[in-house]
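# Overview (structure and organization)
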Amino acid sequence: MSVKLSKDDLTPIAGGGLLHRRLFLKGGVVLATAQAIARPLRAEETATAPPPVDPADPPWLHETGGPFTGYGTPSKYEKYVVRNIGGNRTPAGEGVSWTPLQDLEGIVTPSGLHFERHHDGVPAIDPTLHRLVIHGLVRQPLEYTVESLLRYPMRSRFLFIECGGNSNAGWHQEPIQRPVGDFHGLVSCSEWTGVPLSVLLDEAGVDSKASWVIAEGGDAGLLNVSLPLSKLADDAMIALYQNGERVRPENGYPIRLIVPGWEGITNVKWLRRLQVTDQPAMTRNETAKYTELLPSGKARMFTFVMHAKSLITSPSPGQKMYGPNVYEIRGLAWSGRGKIAKVDISADGGHSWAEADLQDPVLSQCFTRFRLPWKWDGQPAILKSRATDESGYVQPERDVLVKERGREGYFHYNAIVSWAIDEDGEITHVYA
Ligand SMILES: Nc1nc2c(c(=O)[nH]1)N[C@H]1C(S)=C(S)[C@@H](COP(=O)(O)O)O[C@H]1N2
Ligand SMILES: [Mo]
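Because the structure is a prediction, the values reported are computed rather than measured.

For the protein chain, the helix and strand inventory stands at six helices and 24 strands. Relative to a compact globule of 432 residues, whose C-alpha radius of gyration would be 22 Å, the protein chain shows 24 Å and is just as compact. The dimensions of the protein chain, computed from C-alpha atoms along their principal axes, are 80 × 60 × 45 Å. Each of the 432 residues in the protein chain was classed as buried or not, and the buried ones make up 48%. At a minimum sequence separation of 6, the contacts of the protein chain that also span at least 24 residues come to 71%. With an accessible surface of roughly 20,900 Å², the protein chain has 54% of that area assigned to carbon and sulfur atoms.

What follows covers the domain arrangement of the protein chain. Annotation of the protein chain at the domain level lists domain 1 (131-167 + 191-290) and domain 2 (309-430). The straight-line distance from the C-alpha centre of domain 1 to that of domain 2 is 32 Å. It is Phe158, Phe160 and Ser167 that lose the most area in domain 1 upon contact with domain 2, and together they represent 40% of the buried surface on that side. On inspection of domain 1 and its partner domain 2, the count reaches one salt bridge. Close ionic contact of Lys309 with Glu162 constitutes a salt bridge, the shortest N to O distance being 2.7 Å. Summed over the shared surface of domain 1 and domain 2, the result is nine residue pairs in polar contact (both at pLDDT 80 or more). For the side of domain 1 that touches domain 2, the elements supplying multiple residues, two or more each, are β6 (155-162) and α5 (229-235). Counting residues per element, the side of domain 1 that touches domain 2 draws most heavily on β6, at five residues. In terms of residue class, the side of domain 1 that touches domain 2 is built from five nonpolar, five polar and six charged.

As a further point, take empty space enclosed by the protein. Taking a probe equal in size to a water molecule and rolling it over the atoms shows the remaining empty space. All told, the structure shown has four cavities of 30 Å³ or more when counted by the stated rule. Looking at the largest cavity, its volume works out to about 250 Å³. Arg117, Arg256, Gly264, Asn267 and Lys269 are, among the 20 residues lining the largest cavity, the residues nearest its centre. Here the lining of the largest cavity takes three residues from strand β3 (residues 116-118), the largest share from any one element. Counted by class, the lining of the largest cavity contains eight nonpolar, six polar and six charged residues. Lining the second largest cavity, in full, are Val225, Ser226, Glu263, Ile265, Thr266, Asn285, Glu286, Tyr290, Thr291, Phe302, Thr303 and Phe304.

Time to look at the environment of His307. For His307, the location among the structural elements is in the loop between β15 (299-300) and β16 (309-314). The spatial distance from the C-alpha of His307 to the C-alpha of Arg151 is 35 Å, given a sequence separation of 156 residues. For His307, the residues in contact, after removing those within four places along its chain, are Trp334, Ser335, Arg337, Tyr393 and Asn414.

Here we take up the pattern of salt bridges. Tallied over the entire structure, the rule returns 20 salt bridges. Here Glu105 ties to Arg371 by a salt bridge, and the two come within 2.9 Å at their closest N and O atoms. On the criterion of sequence distance, the pair formed by Glu105 in the loop between β2 (95-98) and β3 and Arg371 in strand β21 (residues 368-376) is long-range, its members being 266 residues apart. A network of salt bridges, in which partner residues are shared, links Glu105, Glu328, Arg330, Arg369 and Arg371.

So, on to the side chain of Thr193. By the element assignment, Thr193 lies in strand β7 (residues 187-196). Sequence-distant contacts of Thr193, that is, excluding residues within four places in its chain, are made with Met154, Arg155, Ser156, Met237, Ile238, Ala239, Leu240 and Tyr241.

About the criteria used
- Residues numbered from 1 in each chain as written.
- Chains lettered and ligands numbered in written order.
- Predicted model: local features only at pLDDT ≥ 70, side-chain atom pairs only at ≥ 80, totals over all residues.
- Heavy atoms only, no water.
- Helix = DSSP H or I, 4+ residues; strand = E, 2+ residues; numbered from the N terminus.
- Rg over C-alpha atoms; globule rule 2.2 N^0.38 Å.
- Buried < 20%, exposed > 50% of the residue type's maximum accessible area, 1.4 Å probe, protein only.
- Contact = heavy atoms within 4.5 Å.
- Areas by Shrake-Rupley, 256 points an atom, 1.4 Å probe, with all protein chains shown as cover.
- Domains from an automatic or database assignment.
- Buried area = accessible area lost by both parts, 1.4 Å probe.
- Salt bridge = Lys/Arg side-chain N within 4 Å of Asp/Glu carboxyl O.
- Polar contact = N/O pair within 3.5 Å; in protein donor to acceptor, adjacent residues only side chain to side chain.
- Nonpolar A, V, L, I, M, F, W, Y, C, P; charged D, E, K, R; others polar.
- 1 Å grid on protein atoms, 1.4 Å probe; cavity = no way out; pocket = protein on both sides within 12 Å on 5 of 7 lines; lining within 4 Å.
- Points joined across faces, edges and corners; volume = space filled by probe spheres on them.

Listed below in structure tokens is the structure:
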């Protein structure tokens, strides 16, 4: 809907040419853009509409198209939009693949592009042979088949999953120059559907002495982690579906544990066992790994919650600018503590800020898409985004984070990200 715009709508509200977040919503794109984005047609081109189909036209205008397919795939022209598989690992199944965040829009990550983190590859599980066992400090130990789990009442939630090691190149000395997904893409967002874990815990009858649960996966390494019972009983889920279809093998088929807002490792894939206990098992994944050594020499442990973070996905390194004009700055924000309350954008390296528009829906522990119009005058600029969540937590500047945590942390890097844009429109990653 376009409403009347005033001159004020085109007046920057912060340094570097940031415009009010309402401008595009009011239909201000035409008024604001110095040069039209679309090509104006010449008079003779508008004479006949629709255009005649002549043999010089592309084949799809005069030949019947392809057949129906049982399961669709993206256009062949989008073949470059793939996960970036990191490094040559030994064994081959150990490592990560990154979601190409720079090539995606909206808030849902297509299932085939969800990032991957496997410690022992992707097991080829036959769902008819898979079992989930709940035992330990319970009244009645129980075994579930996948078929039986499908019969329980379900819930759906849009939730991000982020690896605790995401963005960890940020602790390094030099800003790495890669597309944003190759650096920050160990985070993805899906609609997860499954059985609330509280239902199954109630059924097994948890002992009043219980306070922890050891969750174990059905991959060859039997990956396991200790998790507080209170969180699992509160909002964890045994997911069977991802974005409407059954969970992908890479992401935990036939069932995975979903722990909203908590670091990736807690979301145990191929879940086969939940042992209710009264203390953590001190497994490798919460002692040797997924802990953070602080400058004091002490280590942080059980740092489960993923703090607020945001990224400008467009413009971003590897993309191009189209000369001075009005642009839409686009990005993603998320927080493990709840909803995103606001995202501020700076185009002058953090001297001044303007509030971005948060696109509906804004959901708890889910990707939130933000947008802001920006009048780039062709001069050097430094773009930053800063997320604030509903708990009041504000995403920190990098120097603040490094001062507090040192450089040995490796996990939980969530500093403000800065892109420098030069006169030629070249976009680079900087610490500013
Ligand atoms: N069984 C099992 N669960 C697992 C892992 C694993 O290797 N095996 N990796 C963990 C880690 S470290 C992360 S970040 C997430 C990654 O989930 P994804 O591969 O679906 O993105 O799964 C977690 N759950
Ligand atoms: Mo992870």
